[in-house]
Amino acid sequence: MSRARRIGVLGGTFDPIHIGHLRGALEVAEALALDELRLIPSARPPHRDTPQVSARQRLDMVALAARGVAPLQVDDRELRRDRPSYSIDTLESLRAELAADDRLFLLLGWDAFCGLPGWHRWEELLEHCHIIVLQRPDADSEPPETLRDLLAARSVGDPGAIDQVSGQIAFVWQTPLAVSATQIRRTLGEGRSVRFLVPDAVLDYIQAHDLYRAPH
């Protein structure tokens with residue numbers, strides 16, 4: 001009988017993907033002993049402005065960043081859908097491809113977790129996965145009351161010990177890296193270098209395709 005796999009899911013606009021995304025992803029993969037961590041760029045994010053560059057270009061950059069870095073995998077399923085990138089749809093389609101006892105872990109930053117009650121069919125997420133909240137030292141806000149009840153019922157102290165198929169919430173401490181996609185886009189728009197904030201292959205792609213430059 002094959003061992004149940006442990007698969008992480010990290011979605012985002014990745015506009016562009018940077019070292020903060022990648023370092024955080026690797027830390028979580030180690031903490032949870034993940035077999036795979038799927039990086040899933042959103043084509044049409046329902047809660048954000050339309051990204052500056054195309055979904056295909058953002059996917060290309062994620063693929064370049066993850067190349068050769070186990071256990072990171074790139075997943076393009078949200079680009080193959082012609083509707084907004086709802087997490088519940090992504091989890092349902094992933095779950096349909098996995099063995100019944102495989103574990104899915106949805107990775108969310110603190111701000112995204114606090115905003116869950118505004119998500120499409122958010123109450124159903126835990127039917128398909130566990131939620132791993134990426135906790136940073138600067139996350140000192142209180143979650144809304146709806147989530148406090150959920151946390152009281154579903155939280156576990158040790159994310160590495162989660163052994164059910166779905167339904168639990170755990171926190172993973174993140175090394176804070178003061179880098180953001182907003183800062184990177186602004187820096188590039190000002191014509192300055194973002195070397196060492198993004199992988200070299202991503203920087204080469206940005207330069208080759210003249211992305212994020214201020215209009216002339």
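The chain appears in an unreviewed UniProt entry as Probable nicotinate-nucleotide adenylyltransferase from Pseudomonas mangiferae. Per UniProt, the chain has the following entry under Catalytic activity (unreviewed entry): "nicotinate beta-D-ribonucleotide + ATP + H(+) = deamido-NAD(+) + diphosphate". Per UniProt, the comment on the chain under Sequence similarities (unreviewed entry) is "Belongs to the NadD family."

A. View of the side chain of Thr90. Its place among the elements puts Thr90 in helix H3 (residues 87-97). Leaving out residues up to four positions away in the same chain, Thr90 has contacts with Ile40, Arg77, Glu78 and Arg81.

B. Region of the structure containing the nonpolar core. Counting 35 residues, the largest nonpolar core has Ile17, Leu37, Leu39, Met61, Leu107 and Ile132 as its most contacted members. Within the residue set of this core, elements represented by two or more residues are helix H1 (19-31), strand E2 (36-41), helix H2 (55-66), strand E4 (103-109), strand E5 (130-135), strand E6 (169-173), helix H7 (181-189) and helix H8 (200-208). Contacts of Met61, omitting those with residues within four sequence positions, involve Pro16, Ile17, Val53, Val202, Tyr205, Ile206, Leu211 and Tyr212. Counting residues in hydrophobic clusters, the runner-up holds 24 residues, among them Ile40, Cys114, Leu126 and Leu151.

C. View of the environment of Leu91. As for its position among the elements, Leu91 is in helix H3. A residue is classified by how much of its surface remains accessible, and Leu91, at 1% relative accessible area, is buried. Leu91 sits 33 residues away from Glu124 along the chain, and the two C-alpha atoms are 10.0 Å apart. Beyond its immediate chain neighbours, meaning those up to four positions away, Leu91 contacts Leu104, Leu106, Leu125, His128 and Cys129.

D. Region of interest: the pattern of salt bridges. Under the definition given, this model contains 19 salt bridges. Residues Asp75 and Arg38 are paired through a salt bridge, measuring 2.7 Å at the closest nitrogen-oxygen approach. Here Asp75, found in the loop between strand E3 (72-74) and H3, pairs with Arg38, found in strand E2; they are 37 residues apart in sequence, far enough to count as distant. Considered together, Asp75 and Arg38 belong to a single accessibility category, that of buried residues. Counted as one network, the salt bridges with shared partners bring together Arg5, Glu36, Arg38, Asp75, Arg77, Glu97 and Asp102.

E. Just the pairing of E5, in detail. Counting buried positions along E5 gives 6 out of 6 residues, so the element sits mostly inside the fold. Residues His130, Ile132 and Leu134 line one face of E5 and the alternating positions Ile131, Val133 and Gln135 line the opposite face, and both faces are buried. As defined by bridge partners, E4 adjoins E5 across 5 bridges and the pair is classed as parallel. Paired with Gly109 across the bridge in E5 is Leu134. Pairing between E5 and E6: 5 bridges, direction parallel.

F. Region of the structure containing the packing of aromatic side chains. Using the criterion set out here, one finds 3 aromatic pairs in the structure. Measuring from ring centre to ring centre gives 6.0 Å for Trp110 and Phe113, while their planes differ by 35°; the resulting arrangement is tilted. In this pair, Trp110 and Phe113 are both assigned in helix H4 (residues 110-114), 3 residues apart and thus about one turn of the helix distant. For the pair Trp110 and Phe171, a centre-to-centre distance of 6.2 Å together with 40° between the ring planes defines the contact as tilted. In this pair, Trp110 is assigned in helix H4 and Phe171 in strand E6, connecting sequence segments 61 residues apart. Judged by relative accessible area, which is 9%, Trp110 ranks as buried. On the accessibility criterion, Phe171 (29% relative accessible area) is partly exposed. Following the ring pairs from residue to residue traces out a cluster consisting of Trp110, Phe113 and Phe171.

The rules we used
Residues numbered from 1 in each chain as written. Predicted model: local features only at pLDDT ≥ 70, side-chain atom pairs only at ≥ 80, totals over all residues. Heavy atoms only, no water. UniProt positions renumbered as here; feature names shortened; annotations may be inferred. Helix = DSSP H or I, 4+ residues; strand = E, 2+ residues; numbered from the N terminus. Contact = heavy atoms within 4.5 Å. Core = buried A, V, L, I, M, F, W, Y, C linked by side-chain atoms within 4.5 Å. Buried < 20%, exposed > 50% of the residue type's maximum accessible area, 1.4 Å probe, protein only. Salt bridge = Lys/Arg side-chain N within 4 Å of Asp/Glu carboxyl O. Pairing = 2+ DSSP bridges. Phe/Tyr/Trp six-rings, centres within 6.5 Å; stacked < 30°, edge-to-face > 60°.

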